[in-house]
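This is what each chain is made of:
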Amino acid sequence: MNNLDTLPKKKILSLFMTCGFPTLSQSKKIFNEMLSHQPDVIEFGLPFSDPMADGPIIQEANKLALSSNLSTQQSLNLIKELSKSKNNTSFVIMCYLNTVRKFGVDKFIKNIKNIVDGIIIVDLPFEEESEIKKSLSKNNIHLIKLISPMTDKKRAQKLLKDSKGFIYYISATGITGSNKLDYKEINKNVKSLKKMSKIPVLVGFGIKSKKDVLEISKKTNADGVIIGSALIQKYFDLKMDINKYLIALKKLIKEVKV
Amino acid sequence: MKTYKQPSTVGRFGEFGGMYVSETLMPLLLNLDKSYKKIQKDKKFKKELNDLFKNYVGRPSSLHFAKNLSKYINGPKVYFKRDELNHTGAHKINNCLGQILLAKKMGKTRIIAETGAGQHGVATATVCALFGLPCYIYMGSKDIERQKPNVFRMKLLGATIIPVESGSKSLKDAMNEALRDWIKNVRDTFYIIGSTAGPHPYPKMVRDFQSVIGKEAREQILKVEKKLPDYLIACVGGGSNAMGLFYPFLNDKKVKIIGVEAAGRGAKTEETAATMTSGTPGILHGSYSYVLQDNDGQIKEAHSISAGLDYPGVGPEHSHLKDIKRVKYFGVTDKEALEAFQTCSKLEGIIPALEPSHALAYLIKAFKNKHKNKLVILNMCGRGDKDLFTAAKAIGFDADE
Ligand SMILES: Cc1ncc(COP(=O)(O)O)c(C=O)c1O
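It should be emphasised that the depicted structure is a prediction, and the values quoted were computed from it without experimental measurement.

## Points about the pattern of salt bridges
All names here are of chain B.
Part 1: Counted by the stated rule, this structure contains 40 salt bridges over all chains.
Part 2: Across the salt bridge formed by K142 and D310, the nearest N and O atoms sit 3.6 Å from each other. Pair noted here: K142 is in helix α6 (residues 141-146) and D310 is in the loop between β12 (287-291) and α13 (316-323), with a separation of 168 residues, a long-range link.
Part 3: Classification of D310 as buried rests on a relative accessible area of 1%.

## Quick notes on the nonpolar core
Part 1: Formed by 183 residues in total, the largest nonpolar core has its most connected members in A:M34, A:I79, A:I93, A:F166, A:Y168 and A:I227.
Part 2: If we skip the residues at most four places from it in the chain, A:I79 touches A:C19, A:F44, A:L46, A:F91, A:I93, A:I115 and A:V116.
Part 3: The next biggest cluster of nonpolar side chains, apart from the first, holds 32 residues, and it includes B:L309, B:C344, B:I364 and B:M380.

## Side note on the site of the ligand
All names here are of chain B.
Part 1: Around the ligand, a shell composed of 17 residues is seen, among which S195, G237, G239, S240 and N241 lie nearest.
Part 2: In the environment of the ligand, an oxygen atom lies 3.0 Å from a nitrogen or oxygen atom belonging to the side chain of H91.
Part 3: S195 is positioned with one of its side-chain polar atoms (N or O) 2.5 Å from an oxygen atom of the ligand.
Part 4: Protein contacts shield 97% of the accessible area of the ligand, which totals 390 Å² for the unbound molecule.
Part 5: A breakdown of the residues in the shell around the ligand according to their chemical character gives 5 nonpolar, 10 polar and 2 charged.

## With respect to a positive patch on the surface
Part 1: A grouping of A:K154, A:K158, B:K34 and B:K38 is seen on the molecular surface, where their side chains present a positively charged patch.
Part 2: For the positive patch, the elements supplying multiple residues, two or more each, are α7 (153-160) of chain A together with α1 (26-40) of chain B.
Part 3: Mapping A:K154 onto the fold places it in helix α7.

## Thoughts on the state of the cysteines
By definition, a disulfide links the sulfur atoms of two cysteines through a covalent bond.
Residues and elements named next belong to chain B.
Part 1: By the definition in use, this model includes 0 disulfides over all chains.
Part 2: You can see C96 has no disulfide; the closest cysteine sulfur is in C128, sitting 8.2 Å from it.
Part 3: Its sulfur unpaired, C381 is 3.8 Å from the next cysteine sulfur, which belongs to C235.

## Quick word on the confidence of the model for chain B
Part 1: Of the residues in chain B, 99% reach a pLDDT of 70 or more, and the chain-wide mean stands at 96.
Part 2: Two numbers describe this predicted complex: its pTM, 0.96, and its ipTM, 0.95.

## Thoughts on the interface of chain B and chain A
Part 1: With 36 residues of chain B at the interface, the matching set in chain A holds 37 residues.
Part 2: Roughly 3,000 Å² is buried in total at the junction of chain B and chain A, and carbon and sulfur atoms are behind 52% of that figure.
Part 3: Considering only the side of chain B, the residues that lose the most area to chain A are B:E23, B:R180 and B:D296, jointly responsible for 23% of the buried surface there.
Part 4: At the boundary of chain B and chain A, one finds 4 salt bridges.
Part 5: In this structure, A:E185 engages B:R187 in a salt bridge whose closest nitrogen and oxygen atoms are separated by 3.2 Å.
Part 6: At the boundary of chain B with chain A, the tally comes to 21 residue pairs in polar contact (both at pLDDT 80 or more).

Thresholds applied
- Residues numbered from 1 in each chain as written.
- Chains lettered and ligands numbered in written order.
- Predicted model: local features only at pLDDT ≥ 70, side-chain atom pairs only at ≥ 80, totals over all residues.
- Heavy atoms only, no water.
- Salt bridge = Lys/Arg side-chain N within 4 Å of Asp/Glu carboxyl O.
- Helix = DSSP H or I, 4+ residues; strand = E, 2+ residues; numbered from the N terminus.
- Buried < 20%, exposed > 50% of the residue type's maximum accessible area, 1.4 Å probe, protein only.
- Core = buried A, V, L, I, M, F, W, Y, C linked by side-chain atoms within 4.5 Å.
- Contact = heavy atoms within 4.5 Å.
- Near = heavy atom within 4 Å.
- Polar contact = N/O pair within 3.5 Å; in protein donor to acceptor, adjacent residues only side chain to side chain.
- Areas by Shrake-Rupley, 256 points an atom, 1.4 Å probe, with all protein chains shown as cover.
- Nonpolar A, V, L, I, M, F, W, Y, C, P; charged D, E, K, R; others polar.
- Patch = residues over 30% accessible without salt bridge, like charges linked within 9 Å, V, L, I, M, F, W, Y side chains within 5 Å.
- Lys, Arg positive; Asp, Glu negative; His and termini not counted.
- Charge placed at Lys NZ, Arg CZ, Asp CG, Glu CD.
- Disulfide = S-S within 2.5 Å.
- pLDDT = per-residue confidence, 0-100.
- Buried area = accessible area lost by both parts, 1.4 Å probe.

Okay, here's the thing in structure tokens:
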């Protein structure tokens, strides 16, 4: 069973959060809060020292998580523990390749097998993926594809051939947390992706509020949204008060669950 | 050894190299690779670049017999390949001219770069001034502090400097920020990477543009000595000046090649930048190569007195050359480099940058009273003007006295 194969048809909600942020024990509380809303997908960011594709907010979250020497094993253990109450929520790991390679690809997969449904390896392009993809698919873990506005049609077709889970469409050329949303362009590209593949297309990067979520659903053909930086930003807005943050997080998730 | 022919078409030097970047950049890199392949065959491009090398940079740089230093070492005959005489004071300009011509051909209208010592930043700002393109330089705030003369130079040349406060506030973080800028501004921006690091095709492209150093040196030494050198020595940060000198000699099996890394306070300490001596293979800035990292693959901060060598990674081609044992790599400490910096200044009347001072330190240490009748070419890849404040402070010289 892979929860990603039974995602709803429309209005899919995926929530991203960095593991071990701000500390391991507080991170558990945050994920439990997220899980209590039963979103369709939770993305677990594994902190990396050099998150090339991430903006300042997720960078800061990574830095905080790593400042208490969080290990990859601790992150994976946290995900395993949370999976006991996962129900229909799909678990997806989002990470950089060096984390997986250094841990050992086989050992990594063994640790997440039957727990995690999909994985996004941000800096593993199609050209470099074949070996890891094989090992993942043997263990029923989907390698989720990122598509950017720079990916042309021919390349997208190549990338999406027998892809599984969902398509992560990067809504703005930019790092996580960037703000410009061009609905016209998003719609055009999402439409074209939907012609190439049957799996859902989720739009991520730069989605911040209920308003953004509604606009995406109204103005584009996307099947859902991914929210990350906006969830983390609240923690800094609230001057790193974890109790206030948990309340604000609950409120924000309720809002975006339209 | 078979004839050396690297990288493969997918940018692999043995197992190293590759393109580990997000899908936002991937189409750009593939496009860059294609454009680069095209201009390699373009005679007009070659001519344009050679003209600039000759009339703007002042190439060929001379090959100077360092008589006094040779006498002091009491070993081999030492030649300096004097790329420190280049316009802007280092080898970095060779690569910047190549890349900006390519950027122009690709129709890009905005240039970004990272810089450590500021030499690559100055070289990039220079070519941007020459070609009239807006220039944005990412520089760690720690490096801004220790390379002030170059910061002012870049500003004079019209560049905008963007201080980087993340991580160790030095070269690694400047490169992260430059890559993020590129991801955000993919359509109009060309990223001029300053060393043989980063994703394919950069390591190959930068090496090719820098290999003018080795090509000239080979001709020059054959002319004066009627034979090839026995040793080549160069410092290695990301590895561009070293690859530039080494590459045209890789198939000359008798030429022994030595790369010198910055070992900071010692290769066995945590305060080092000697990636190949103390690191393990991993992925940084889009390329698989030796890196300084912990057991979880978190990249460590590097340390070196020389801002240009203060980088926890190294170009993939060097990693390959290390593994096939074609090049040997050694570490030199801050202290040793500072001593060589002074020795060379006094003996040869050439104030070297702190980067090649590492190569000099290794030469003095390892060749003292040895290898008589041998020939050495050392890449004098930069001059010391930019380092005067740092060196004065480290040596304990008070300019007001
Ligand atoms: C004079 C000089 N030498 C060497 C380096 C190190 O770079 P690379 O190893 O690419 O030559 C720098 C970098 O800034 C430099 O300024």
